[in-house]
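Examination of the molecular architecture
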Amino acid sequence: MAAYDGLRQQVEELALRLVLTGPESSGARIVETWSRALQTLQEEAVREGASALAEAARGVLRAMQISDPASALQDGIARLQQALETRAADPAETSLAQDPELLADFVLESREHLASLESQLLVLERDPCDSEALNAIFRSFHTIKGLAGFLGFREIQVVAHEVETVLDQARNLKFQVTPAAIDVILSSADYLGRWLNYLSPAGQNAEMHAPSLDPELLAQIGLIPSLAERAGRIEAKQAPDSQRNELANLAAAVETVEIEELTPSPEERKAEVKRRGETMTVKVNTAKLDYLVDMAGELVIAETLVRHDPELVKVKNARLQRNLAQLTRITAELQKTAMAMRLVSIGPLFRKMTRLVRDLSRQFGKPIDIQTEGDEIELDRNIVEELADPLMHMVRNAVDHGIEPLELRKSLGKPGTAKVLLKAQHQAGQVVIELSDDGRGLDRHKILARGLEKGLVAAGSVLSDSQIDELIFKPGFSTAAQITNVSGRGVGLDVVRRHIEKLRGRIEIRSQTGQGTTFLLKLPLTLAIIDGLVVGVGSERYIVPLFAVRGIFRPKEETIWTVQQRAEMALIRGSLVPVIRLYQRFGVPPHSEDPQKGVLILAEVESQKFCLLVDEVIGKHEVVIKSLGETFAKVAGIAGGAILGDGRVGLILDLDKLFRDKGNGARR
Amino acid sequence: MSTSLAAKNEISSAVAGETRAGKYLTFQLGQEEFGVRVLKVREIMGVQEITRVPQTPPHVKGVINLRGKVVPVIDLRLKFALPAADYTQRTCIIVTQIMGESGLILMGAIVDGVCEVVNLAAADIEDTPDFGEETAGQYLLGMAKVKGKVKILLDIDKVLCTQDLDQLNAIVK
């Protein structure tokens, strides 16, 4: 294995040499300088039994003799690499990389490093002198290189190594990092990202083919120092009295140092927190976490049972009461902590968006300054993952449609650099994510015209501003006159809204013409807990998700109307809403079939309203959602189960399904 | 890796083979006594409150809360088309761990009462006689004779198999 690696290294070195130095002009000299290297390679390959490689090397040597050596060499190196690949594909070859667990760990860890170095690069771009960021980036590449080397991913190792070398020079102040250099480093990070996608066992966006080693990328990385130097020289030339500048810089530096010493900047404090966080993280199997959450929930139930035990209640002992209260507090705290362990911070997602804005800002030629707030806010891991797509879409929309072109901004007297703010905060038990730009805002005339054109609005109807704003969430709505490759394919905000609603969230919009637009995403903290309305039908208990409940009514005689003796409608607040009798759907004997003795629950799913007739409303309860397992996967109308306060299992209703197949209830 | 594969093969062939000997938990259902492999049994509990799940066949009684886990429960009497009986003090739920479509799952079976754990040698076990198509021969591992009594050994994986449930579901619909 080691010898094989040696061969690979030799081929890579040859390839690098070819790329970096380029084939020398005279044909005779190429043959002279390269044939020796190729011969050694061939001999070694034969010794190691890598016949494909030996054959390829021999072929290159032969080709160089008979045809144009420069081009033969170009082709030949490619063929050598191919030969290496075939060797790698040899099933008899075993390596550490075939251990799925090791591989998964590698992908996970490398992804984390890539994410962190990406954000650090953006920090570095703002302040090229930030040695802390530079060191962090260096470390990340170094770690990835080490891991890749351990598992034998040559390509990753080579690229990471090159970048690391360049970064090391930057660290030693050989040159200053320019935006162009950051571009190259980012694209090498992207290259590594593609590799990880290829390697990840069940990636969502898995790439089918291994990304080939791009010589151009390597050349670019190699050129970074010289690029930077040139840029530096030009800068120096442009500033005639550079010495005075330098002095000013120095003075400024001294000033900032003083300030920093007095009060550590928020970023620094954050970095410190993050560093501490990194060292304290433990990866835990989610099954274990689930078990812990289960047990914590059971502890709360058991504690309630003990506390309300009639024998115990009779005891009037102050010490016992105090201890019981303490027990209650601790169990509640334990449950809360167990639940919180599933949460992750939204920071990485925000950093992804920062990167996106940077790329888009280049692409559109619109200078944009993006700020993020509340990176430390924590959300359910699944929500953060599911949020990536819709948020990306919204950011693109903001940059593409929201923010005006530079010239227009200038002529309007706005600052040339646009502002985008991404902010997360807690609000009333929810997390609110705010995306605002200072662009042109929604053009309500255009939206209304478009709505009329698409038939989304009846002609002649008068809509309020917020009703007009709502239109942009309708399917098939897109006002962009010109379809760009970024946004405006008509699969816009309606998809975003559906995504958000799937996460049990809501999306709101605030806009002021000429001032900008703000999108508010209101999301639950976690998908594992649901606020439910516990209702009773006969002796059964069901849980109605509270986010869909719009009202609770006790029907009067004139509330319920029968349509053609079959369907029932309820007249609520002047509109007719279909009624579903839950006891009928589920075949459960109710307390009473008379609707006036029951309760109507008005629910809304995907902007369609309907009523659910139940016997009674028992109360509001926060429950942990549990799957009913494969046994009941096909039961319509039930989304899952939950343990109620008395230890019984309650079934959570799937309102969407209940409503959709309201025609074919079980009538047993 | 190859060694572990071989080991796995050995295990599966052992299970598939005729080594039915081992410890069995026996329980009563009507007048008959049945047995399931002790290895499959996770826990035995008294009947507790069961939450009915709508639109399921009658033998599926619903779900229970087993220390925070939601576990489906099946009434074996109804499953085997025996007349339903009221639950008594002796009625038990045997919680078993069976192979589902997506891995191991827990499943409860309601029985009239558990009897004992018996150690059966291969010689005690006979193949199921051919009853014709009527009886559910596919659920049976074999018959055991213990102290002059016959005990019916169940292949609990097949008895509580969810695919079966899906078919029943389809019929009900």
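A brief structural summary. (Residues numbered from 1 in each chain as written. Chains lettered and ligands numbered in written order. Predicted model: local features only at pLDDT ≥ 70, side-chain atom pairs only at ≥ 80, totals over all residues.)

Attention now moves to the overall build of chain B. Counting secondary structure elements, chain B contains four helices and eleven strands. Split into buried and exposed, the 173 residues of chain B put 34% on the buried side. Here the analysis covers contacts within chain B between residues at least 6 apart in sequence; of these, 54% occur between residues at least 24 apart. (Helix = DSSP H or I, 4+ residues; strand = E, 2+ residues; numbered from the N terminus. Buried ≥ 20, exposed ≤ 12 C-beta atoms within 10 Å, placed from the backbone. Contact = placed C-beta atoms within 7 Å.)

Moving on to helix α12 (residues 286-307) of chain A. Here α12 of chain A spans 31 Å end to end across 22 residues, near enough to the 32 Å set by a 1.5 Å rise per residue. When we look at burial in α12 of chain A, the residues that qualify are Val293, Asp294, Ala296 and Gly297 of chain A. Projection of α12 of chain A onto a plane perpendicular to its axis shows the buried side chains occupying an angular sector of 160°, all on one side. Across from the buried face of α12 of chain A, at angles greater than 90 degrees, the exposed residues are Ala287 and Lys288 of chain A. The inward-facing, buried residues of α12 of chain A contact α14 (318-340), β16 (616-624) and β17 (638-643) of chain A together with β5 (69-75) of chain B. (Expected span 1.5 Å × (residues − 1). Arc of directions from axis to C-beta.)

Let's shift gears to the environment of Asp531 of chain A. Residue and element names in this part refer to chain A. With respect to the secondary-structure elements, Asp531 resides in strand β8 (residues 529-537). It is 5.5 Å that separates the C-alpha atoms of Asp531 and Leu546, two residues lying 15 residues apart in sequence. Excluding its chain neighbours within four sequence positions, the residues that come into contact with Asp531 are Leu546, Phe547, Lys620 and Glu622.

Residue and element names in this part refer to chain A. Taking 1.5 Å per residue, 18 residues should reach 26 Å; helix α15 (residues 347-364) reaches 25 Å between its end C-alpha atoms and fits that length. Those residues of α15 lying buried are Gly347, Leu349, Phe350, Arg351, Met353, Thr354, Val357, Arg358 and Leu360. On its buried side, α15 packs onto α5 (100-126), β1 (343-345), β2 (368-373), α16 (381-402) and β4 (418-427). Directly after α15, the chain includes Gly365, whose backbone phi takes a positive value near 65°.

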